[in-house]
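# An overview of the molecular structure
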Amino acid sequence: MLSAILFWVLAVAAVVFGGLVFRVDSMARATFCLLISFLAVVGLVLLVGLGYLGVVIALMMVIEMVIMAVFMVMFMMNPAGLMPMSMFHNTRGSAVIAGGTFAVLAAGILLVDWPARGGAAAPDLTFALGEALMGGQMLTMMTLGITLFATIVATVVLATDRGRYDRLGDDLDASTADDPAGGGVGR
Amino acid sequence: MTEPAPVLAALPTWWALVLPVLLLGAVWLVLVFDLVVGARAGGRPVGVGAALVAPLRESARLLVGQRRRTLAADALLWRAGGATLPVAAIGAAAVLPLGMRPLADLSVGVVWFNAMEVFAWAAVWLVGWGANSALSLVGGYRFVAQGLAYELPHMFAIITAALGAQSLRMTDIVDAQQDLWFVAIMPVAFVAYLLSTAAMAFWGPFDAPVARDVAGGAAAELSGVDRLVFAGGRWLLFVVAAAMAVPLFLGGGHGPWLPGWLWVVVKTAVVLAALVWLRHRIPTIRMDRWTEISWIVLMPLTIAQALVVALVVLGQGGI
């Protein structure tokens, strides 16, 4: 009973705050609406009994949303909400995609003949998750990790206007780097 | 026929009411100590009696003080940010073993603790943003950069302790230190933890987010009860994060002669005293310097420390 109530409260909160992201006209508010939506999803994951995944999602989403707030404010045209702005683009296309996805998933849930549970949950779910990631799914995770890392490096390379030649000279032989801000380790 | 009472790993539920009071008491004592040390360093020593009253008087003054309003502030985000700070600190304290047992003995205790800590990022950024004031925004952004730089060494230090105990559960980590405190086999992680704790609670030499060069930074526009909640939340976070060093690295309640809870009190007092001393010994250092030290020095050191501990655990026939 309690878990049913919790499920509905969290599910509604996740959808409502997800929707609010597109209604508020301040990038800060949009970001933190998204965070609340994610935290509601965390509640749902915890409700399923996946303690580690739930808490880790909370940890990562808080960090990610704070960083996202910085980038949203930096790049969006109306960071402070001083002028009304629209968060929508490609309205019709996205409505078709979203509606179609929802219809397919909902039809799947209703039409699939759900099997009865065969196995039992592992005694320690966190341990089982770790074993899966470091065992059977190792290749998947390594591919994912390398892809993400390559993306980060490529993005930084594309975004930065200063490379090592700017820092250390054309022959890379300057004794101290020519940096706009000095760091703490005296490179 | 009565069953023998099971040995519970967690404290009874009514401790949920005691815990915030205990933490506030600890904050009060640390404030008094900080005041005495600071006044002596400043050449104008205060008596212990006056120091004991000072935090209470300041709290009362803030409680009745007028709340500042700024032009076109985002009041919702501003107040929400301030309120998040103490809530996150008390949430983090839920897995802090007081003696041998925490209030909530979660199987993922250390991850929960870290998740609660990072809510401070969101809180400080929101407080800095909400006021619609340039200097307070600078403070908020400073804390995001500082949090980003110090979260990773912090996380590696915490995970190294969990690795040593082969468990994410706080009580398991304390039990694993029955014979040998983790500080002995992972000293680098311990030092990195203390440094990054100060950074995560924007404390001591890491207080640039609320420093005087930006007129109080994120807290610049706070007054009255808002300042009380923000400052109180920051002190709570500092005390909880410092107290967590005890179960993670200093053996928790383990020790000869004294009962477990008293050992926790003694060890926590020592850690807090060390951090208060650090704050009064080292001036606030510029953000760019600290940030690079974290990325270039602390990060590789903590990774190497985790590797060494992992090899030791494997060598002893761990998982």
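Note that the coordinates shown come from a computational prediction; the quantities given were computed from them, not determined experimentally.

What counts as what
- Residues numbered from 1 in each chain as written.
- Chains lettered and ligands numbered in written order.
- Predicted model: local features only at pLDDT ≥ 70, side-chain atom pairs only at ≥ 80, totals over all residues.
- Heavy atoms only, no water.
- Contact = heavy atoms within 4.5 Å.
- Buried area = accessible area lost by both parts, 1.4 Å probe.
- Salt bridge = Lys/Arg side-chain N within 4 Å of Asp/Glu carboxyl O.
- Polar contact = N/O pair within 3.5 Å; in protein donor to acceptor, adjacent residues only side chain to side chain.
- Helix = DSSP H or I, 4+ residues; strand = E, 2+ residues; numbered from the N terminus.
- Nonpolar A, V, L, I, M, F, W, Y, C, P; charged D, E, K, R; others polar.
- Domains from an automatic or database assignment.
- Phe/Tyr/Trp six-rings, centres within 6.5 Å; stacked < 30°, edge-to-face > 60°.
- Lys NZ or Arg CZ within 6 Å of the ring centre and 35° of its normal.

The partner chain A presents 28 residues to the 29 residues of chain B that form the contact. Between chain B and chain A the total buried area reaches about 2400 Å² when both faces are included, carbon and sulfur atoms providing 81% of it. The largest per-residue losses of area from chain B upon contact with chain A belong to B:W125, B:W129 and B:E292, which jointly make up 20% of the total buried on that side. At the surface where chain B touches chain A, the tally comes to one salt bridge. Notably, a salt bridge pairs A:R29 with B:D74, separated by 2.6 Å at the nearest N-O pair. If you look at where chain B meets chain A, you find one residue pair in polar contact (both at pLDDT 80 or more). Looking at the side of chain B that touches chain A, the elements that each hand over two or more residues are helix 3 (75–93), helix 4 (109–130), helix 5 (134–165) and helix 12 (287–315) of chain B. A per-element tally of the side of chain B that touches chain A places helix 4 of chain B first, with eleven residues. The class makeup of the residues in the side of chain B that touches chain A is 22 nonpolar, one polar and six charged.

Moving on to the domain arrangement of chain A. Partitioning chain A into domains gives domain 1 (1–80) and domain 2 (124–172). If you average the C-alpha positions of domain 1 of chain A and of domain 2 of chain A, the two centres end up 25 Å apart.

In this section: the packing of aromatic side chains. What the rule picks out here adds up to 14 aromatic pairs over all chains. Their ring planes at 25 degrees and their centres at 5.5 Å tell us that B:W14 and B:W15 sit as a pair that is stacked. Judged by centre distance (5.7 Å) and plane angle (65 degrees), the rings of B:F190 and B:F249 are edge-to-face. Taken together, the positions of B:F190 in helix 8 (residues 187–200) and B:F249 in helix 10 (residues 245–249) put the pair 59 residues apart, joining distant regions of the chain. Taken together, the ring pairs connect A:F32, B:W125, B:W129 and B:Y141 into an aromatic cluster. In this arrangement the basic side chain of B:R79 is found over the ring face of B:W78, its NZ or CZ atom lying 4.6 Å from the centre. Of note, B:R279 hangs over the ring of B:W203, and the distance from its end group to the ring centre comes to 4.6 Å.

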